[in-house]
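Listed here are the chains, written in short residue letters.
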Amino acid sequence: MFVDESRLHIAIQKSGRLSDYSRGLLRDAGLRIQNGKNDLTARVENFPADLMFVRDDDIPTFVSDGVCEFGIVGENVLQEFALGDLEPRFEILARLGFGRCSLRIAAPEAVAYDGPATLQGGRIATSYPRIVRRFLDDNCIEATVVKMNGAVELAPRLQIASFVCDLVSTGATLEANGLRPVETVLESEAVLIRTSRPMADTKAEQASRLVSRIDGVLATKESKYIMLNAPSEALQEITAILPGAEAPTILPLHGRPGHFAVHAVCQESVFWETLQKLKGAGASAILVLPIEKMMM
Ligand code: PRT
Ligand code: ZN
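Overview of the structure.

## Concerning the nonpolar core
Proteins that are soluble and globular tend to have nonpolar side chains buried together. The biggest cluster of nonpolar side chains holds 32 residues, and the ones touching the most others in it are Ile105, Leu119, Ile124 and Leu136. Of all elements in the fold, only strand E3 (49–54), helix H2 (59–65), helix H3 (75–84), strand E6 (101–108), helix H4 (129–138), strand E9 (163–168), strand E10 (179–188) and strand E11 (190–195) reach the threshold of two or more residues within this core. Viewed by domain, this core spans two of them, domain 1 (8–98 + 190–220) and domain 2 (101–188), each represented by three or more residues. Counting residues in hydrophobic clusters, the runner-up holds 28 residues, among them Ala49, Phe98, Leu210 and Ile214.

## Looking at the pairing of strand E1 (residues 8–13)
A regular strand carries its side chains on alternate faces of the sheet. Among the 6 residues that make up E1, 6 are buried, leaving the element largely enclosed by the rest of the structure. Here E1 pairs with E3 via 6 bridges, running parallel. Counted as the bridge partner of Leu8 is Ala49 from E3. Here E1 pairs with strand E4 (residues 70–74) via 2 bridges, running parallel. When the bridges of E4 are listed, Ala11 appears paired with Gly71.

## Quick word on the site of ligand 1
With respect to spatial proximity, 21 residues lie near ligand 1, and among them Arg55, Asn76, Thr170, Gly171 and Thr173 are the closest. Within the contact set of ligand 1, an oxygen atom lies 2.7 Å away from a side-chain nitrogen or oxygen of Asn76. Within the side chain of Thr173, an N or O atom sits 2.5 Å from an oxygen atom of ligand 1. When the free accessible area of ligand 1 is taken as 840 Å², the share hidden by the protein chains comes to 78%. The set of elements that each furnish at least two residues to the shell around ligand 1 consists of H3, E9 and helix H5 (172–176). The biggest single contributor to the shell around ligand 1 is E9, with 3 residues. Broken down by class, the residue content of the shell around ligand 1 amounts to 6 nonpolar, 9 polar and 6 charged. For the shell around ligand 1, the domains that each give at least three residues are domain 1 (8–98 + 190–220) and domain 2 (101–188).

## Some details on the coordination of the zinc ion (ligand 2)
Protein ligation of the zinc ion (ligand 2) involves Asp56 (OD) and Asp57 (OD), the donor distances falling in the range 2.1 Å. Coordination at the zinc ion (ligand 2) is irregular: its 4 donor atoms span angles of 74 to 174 degrees at the metal. Relative accessible area serves as the criterion here: at 18%, Asp56 is assigned to the buried category.

## Focus: the pattern of salt bridges
Applying the stated criterion across every chain yields a total of 11 salt bridges. Linking Arg7 and Asp50 is a salt bridge whose minimum nitrogen-to-oxygen distance equals 3.0 Å. Here Arg7 is found in the segment before E1, whereas its partner Asp50 is found in strand E3, with 43 residues between them in sequence. When sorted by exposure, Arg7 lands in the same class as Asp50, which is buried. One salt-bridge network, held together by shared partners, links Glu75, Arg95, Arg100 and Glu189.

## Quick notes on the packing of aromatic side chains
With the rule as written, the count across this model stands at 2 aromatic pairs. Aromatic pair Tyr21 and Phe98: ring centres 5.1 Å apart, planes at 15 degrees, arrangement stacked. Here Tyr21 is found in helix H1 (residues 19–28), whereas its partner Phe98 is found in the loop between strand E5 (90–95) and E6, with 77 residues between them in sequence. Residues Phe81 and Phe90 carry aromatic rings whose centres are separated by 6.4 Å and whose planes lie at 45 degrees to one another, so their mutual orientation is tilted. Taking relative accessible area as the criterion, Phe90 reaches 17% and is therefore assigned buried.

## Brief notes about the sheet that holds strand E12 (residues 224–231)
Taken in spatial order, the 4 strands make up an open sheet running E13-E14-E12-E15, and their pairing is antiparallel. Across the chains shown, the open sheet's two edge strands, defined by having one partner strand only, are strand E13 (249–252) and strand E15 (284–290). Shown here is a sheet whose adjacent strand axes are inclined to one another by a mean of 15 degrees, direction ignored. Summarising the sheet, E13 and strand E14 (residues 259–266) pair through 4 bridges and their orientation is antiparallel. Bridging from a neighbouring strand, Ile250 pairs with Val262 of E14.

Rules used throughout
Residues numbered from 1 in each chain as written. Chains lettered and ligands numbered in written order. Predicted model: local features only at pLDDT ≥ 70, side-chain atom pairs only at ≥ 80, totals over all residues. Heavy atoms only, no water. Core = buried A, V, L, I, M, F, W, Y, C linked by side-chain atoms within 4.5 Å. Buried < 20%, exposed > 50% of the residue type's maximum accessible area, 1.4 Å probe, protein only. Helix = DSSP H or I, 4+ residues; strand = E, 2+ residues; numbered from the N terminus. Domains from an automatic or database assignment. Pairing = 2+ DSSP bridges. Near = heavy atom within 4 Å. Polar contact = N/O pair within 3.5 Å; in protein donor to acceptor, adjacent residues only side chain to side chain. Areas by Shrake-Rupley, 256 points an atom, 1.4 Å probe, with all protein chains shown as cover. Nonpolar A, V, L, I, M, F, W, Y, C, P; charged D, E, K, R; others polar. Donors = N, O, S within 2.8 Å, 3.2 Å for Na, K, Ca; no water. Tetrahedral: all angles 85-135°; square planar, octahedral: opposite > 155°, others 65-115°. Salt bridge = Lys/Arg side-chain N within 4 Å of Asp/Glu carboxyl O. Phe/Tyr/Trp six-rings, centres within 6.5 Å; stacked < 30°, edge-to-face > 60°. Axes fitted to C-alpha atoms, helices over the stretch in contact; angles between N-to-C directions.

The structure is reproduced here in structure tokens:
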């Protein structure tokens, strides 16, 4: 793989559950990605960065080695890597809100499960042997961990193991194989990671530009702009209700003495219940608007 030293390198999954979301996030951050999906790399036209399309399992290694400055990967893959590497060199910059799943231990329907002690002396098939081992150690359980690279849910039927530990989202796969989840070992989602290896000054500058853009995208996903009118005596209660709003702007309303317009960026979800509370506190003409871009 040819590596251009003057550009940032961002590793994302080539094809799989995280690919479209990862590309989408970078696009929302304003990166225009050049090539088709099947290439190994793609140039970003309007930012000094190249994308590397790889297996998700390779992303922690690339970032830790400094081959790529950034990567997007599931916490499950990242933790399994970190538990095995003597000196993992990356930091998690942000949780990205996609690729959500849980790593769960499951038992055949017929097995009476009564807490981790039930696993004592048993065999657990998994693609995440280090994470499972940590769970067993934390619970002072001795059991055999059998590493499988796929089709883990078949292990009990094939008598390879009595339990499995696998990723679950809807639970349909476990159910179809006569298994039920009994322990959650890890809650996972995709995260943005950055290498901890030193970068040249210009690269470091570009890297922080990229991070602040991505932070902006993540912030706008939840954030809303709220505008409302309120009498002065209700202002204190209303500003306390506004979710995640710092220092709202308060302006006098023309022609209505004692009445004010309140404008605020709310950095948390705004629900109908919140609007009802605001109204109950004396607010009127409440508007909630999406925010397209934000840079803090
Ligand atoms: O080729 P490459 O190695 O890059 O891809 P991969 O096949 O290893 O990974 P991929 O694309 O399947 O998943 C990438 C990441 O998505 C995982 O590492 C997780 O962080 C996340 N993710 C989210 C999931 C799931 N949800 C998920 N449900 N990864 C896998 N699954 C599988 C699970 O292993 C099981 O086989 O889906 C099945 C269970 O799904 P339900 O809905 O039946 O519970
Ligand atoms: Zn993989």
